[in-house]
Amino acid sequence: MKCPCQSSKKYSACCGRYHLGTLHPPTATALSRARYSAYVLDKPNYIYNTWVKNTRPSLESIRLQMPEPFIDFQITHTDMGDEHHDIGTVTFIATLQADDAITAIKEVSLFKRIDGQWLYFRGDIE
Ligand SMILES: [Zn+2]
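Quantities reported herein were computed from a predicted structural model and do not represent experimental measurements.

> Quick rundown of the packing of aromatic side chains? Include the residues and the values.
For the coordinates displayed, the defined rule picks out 6 aromatic pairs. Plain terms: the ring middles of Trp51 and Tyr120 are 5.0 Å apart, the flat faces sit at 85 degrees to each other, and that makes the pair edge-to-face. Taken together, the positions of Trp51 in the loop between helix H3 (44-49) and helix H4 (59-64) and Tyr120 in strand S4 (residues 117-125) put the pair 69 residues apart, joining distant regions of the chain. Across the pair, exposure class does not vary: Trp51 and Tyr120 are buried alike.

> Now, about the side chain of His19: what can you tell me, with residues and values included?
Considering the arrangement of structural elements, one finds His19 in helix H1 (residues 15-19). A polar side-chain atom of His19 sits 2.8 Å from the main-chain carbonyl oxygen of Ala34.

> Tell me what's going on with the coordination of the zinc ion, and back it up with residues and numbers.
Within the protein, the zinc ion binds to Cys3 (SG), Cys5 (SG), Cys14 (SG) and Cys15 (SG); these donor distances fall in the range 2.2 to 2.4 Å. All donor residues of the zinc ion come from one chain, and their arrangement in sequence is C-x1-C-x8-C-C. Grouping residues by exposure puts Cys3 and Cys5 together as buried.

> Hey, could you go over the pattern of salt bridges for me, with residue numbers and the actual values?
Going through the model one piece at a time under the given rule, you end up with 4 salt bridges. Between Arg113 and Asp86 there is a salt bridge, with its nearest N and O atoms 3.4 Å apart. With Arg113 in strand S3 (residues 101-114) and Asp86 in the loop between strand S1 (70-80) and strand S2 (87-98), this residue pair connects regions lying 27 residues apart in the sequence. Its relative accessible area of 25% is what places Arg113 among the partly exposed residues. Here Glu126 and Lys106 are joined by a salt bridge, their closest N and O atoms 3.4 Å apart. Residue Glu126 is located in the segment after S4, and its partner Lys106 is located in strand S3; the two are separated by 20 residues in the primary sequence.

Cut-offs and rules
- Residues numbered from 1 in each chain as written.
- Predicted model: local features only at pLDDT ≥ 70, side-chain atom pairs only at ≥ 80, totals over all residues.
- Heavy atoms only, no water.
- Phe/Tyr/Trp six-rings, centres within 6.5 Å; stacked < 30°, edge-to-face > 60°.
- Helix = DSSP H or I, 4+ residues; strand = E, 2+ residues; numbered from the N terminus.
- Buried < 20%, exposed > 50% of the residue type's maximum accessible area, 1.4 Å probe, protein only.
- Polar contact = N/O pair within 3.5 Å; in protein donor to acceptor, adjacent residues only side chain to side chain.
- Donors = N, O, S within 2.8 Å, 3.2 Å for Na, K, Ca; no water.
- Salt bridge = Lys/Arg side-chain N within 4 Å of Asp/Glu carboxyl O.

Here it is, written out as structure tokens:
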């Protein structure tokens, strides 16, 4: 199966490796993709486990809003967020289809690297 994050790679060679939990995304961009795929594939634990502890909602509230009916994901901008940094931002546009309505959401996500692992800190919807 193709990865939902629109990378055009196979899921097992893309976000699937991270969802197994044995490998962590090396960059904020890779984590952003893996979290998008987790929303599509209904993996609330992955969303919870990759969220900074003091800003994350409860696992139950994450579970209630999943799976999200996303149909497209495009990263439009990244700033820092690689192995040389401890923070990074990823701007993306996620498109949802619910009933007959198509909605695009633009978010600027802020990521932090804590103990060598990238985590989602917060997102600002534009
Ligand atoms: Zn992917």
